[in-house]
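Here are the chains, one letter per residue:
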Amino acid sequence: MFRVRIEGGAEFGCSGDDTLLRAGLRAGLGMPYECNAGSCGACKVELLGGSVASNWDAAPALGERDRAKNRVLACQSVPRTDCTIKARLREEFRARDLPRRFRASLAAMRDLTHDMREFSFRVEGAPGFRPGQYALFDLEGVPGGWRAYSMANVDDGSGEWQFQVKRVPGGAGSAVLFDRLAHGADIGIDGPYGHAWLRTDSPRDIICIGGGSGLSAVMSIARGAAAQSALAEREVHFFYGARGPRDVCGEDMLAQLPGYGVRIHYHPVISMPSAIERDTWQGRTGFVHDAVREAFGDRLAGFEFYFAGPPAMAQAVQSMLAANKVPHAQIHYDSFY
Ligand SMILES: Cc1cc2nc3c(=O)[nH]c(=O)nc-3n(C[C@H](O)[C@H](O)[C@H](O)COP(=O)(O)OP(=O)(O)OC[C@H]3O[C@@H](n4cnc5c(N)ncnc54)[C@H](O)[C@@H]3O)c2cc1C
Ligand code: FES
């Protein structure tokens, strides 16, 4: 176990197979981060002393300028000696449920579409989690070892963590999940992480926006909103953006929630209909962020927003919300990569 000292403040232990970020969060510190996947840059810290190795030398969030200034990504950095770092801790990043590494056994799988699958794990020794959070999977043989997936269910104490995953063509991690994991398989999971959790103290109705692989995170939010008595009066509008009709999913799960069709509403949108689909598809077409704007126009600033999906969708949603003057504090997402 190495000691990591934060300049002018706290100190924590970090084993040689853990990252500075995850060990700091486990110690209850408000280490800044977002993706945990080397791509957003939110976790950059300055290495003042000691040495670290990176799980991903080519991580896109670390540029030449950062390296010249001795900055490292805390989410990819594993200590090789005791270290001193400069990091700006913030209360909002402190975990309610301290993340832990635990074992999980694959209890069930079901296909949601031709390339989306739900994986349900029985977990042992796991902490609690909030609707909308994500976990890291330790996947053998995958470059960098870890991949982030959002929980789709709510933590009801039953020891089940459920995930909805999209197969990425040529993707190493999703290939392991789809092609190598059999019923009963045992994997390591680390979590929970993420800041886009359900705010139960908000008085506002909720808009969930999921695109493709982002279904899971917002499904958890909708399920959480249905389960929380504090949110029993809130409307939930669930927008799901898919490429074509065969990619549309989620309605069967929402339909099981109390209040479906009354206060919980599903709005599928397809962006790339073929000529035939254009004639037969009854729902909305276009981009999901445009559909949200068209549906709510100048009422948008009155909602709480949760969204998840590929970077292009997330950026389009952010720009649309900013253009419509939705306060930053009402917008919750963790970037996907
Ligand atoms: C917060 C968050 C939540 C997510 N939730 C979901 C979800 O609920 N469902 C879902 O389907 N997808 C989700 N994703 C995307 C998921 O983590 C994977 O990126 C996706 O499954 C593709 O992984 P892959 O290994 O198949 O593809 P690959 O192309 O092999 O890898 C893609 C990603 O893996 C990481 N990576 C690649 N190489 C390395 C390396 N050498 N070292 C370290 N990291 C590397 C990078 O983040 C890269 O973007 C989420 C991502 C994030 C960040
Ligand atoms: S790059 Fe480390 S949290 Fe995103």
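Conventions and cut-offs
- Residues numbered from 1 in each chain as written.
- Chains lettered and ligands numbered in written order.
- Predicted model: local features only at pLDDT ≥ 70, side-chain atom pairs only at ≥ 80, totals over all residues.
- Heavy atoms only, no water.
- Pairing = 2+ DSSP bridges.
- Helix = DSSP H or I, 4+ residues; strand = E, 2+ residues; numbered from the N terminus.
- Axes fitted to C-alpha atoms, helices over the stretch in contact; angles between N-to-C directions.
- Contact = heavy atoms within 4.5 Å.

1. Quick look at the sheet that holds strand E9 (residues 116-124)
Then comes step 1: As summarised here, the arrangement of the 6 strands in space is E11-E10-E13-E8-E9-E12, forming an open sheet in which the pairing is antiparallel. Unpaired on one side and paired on the other, strand E11 (146-150) and strand E12 (160-166) mark the two borders of the sheet. Pairwise comparison of adjacent strand axes, ignoring direction, gives a mean angle of 40° for this sheet.
Then comes step 2: Bridge count for strand E8 (residues 100-111) against strand E13 (residues 186-193) is 6 bridges, and the pairing is antiparallel. Across the sheet, Phe102 pairs through a bridge with Ile189, a residue of E13.
Then comes step 3: Relative to E11, helix H3 (residues 172-180) is tilted by about 70°, and along the sheet it contacts E9, strand E10 (134-138), E11 and E12.
Then comes step 4: Each of E9, E11 and E12 touches helix H4 (residues 215-227); the most contacted strand, E12, lies at about 140° to it.

2. Regarding the sheet that holds strand E7 (residues 83-86)
Then comes step 1: Pairing is mixed across the open sheet formed by 5 strands, whose spatial order is E2-E1-E7-E3-E5. One side of each edge strand has no neighbouring strand; the edge strands of this open sheet are strand E2 (11-14) and strand E5 (71-73). If you compare each strand with its neighbour and ignore which way they point, the axes differ by 40° on average.
Then comes step 2: Taken together, the 3 bridges between strand E3 (residues 44-49) and E7 define a ladder with antiparallel strand orientation. Of the residues in E7, the one forming a bridge with Leu47 is Ile85.

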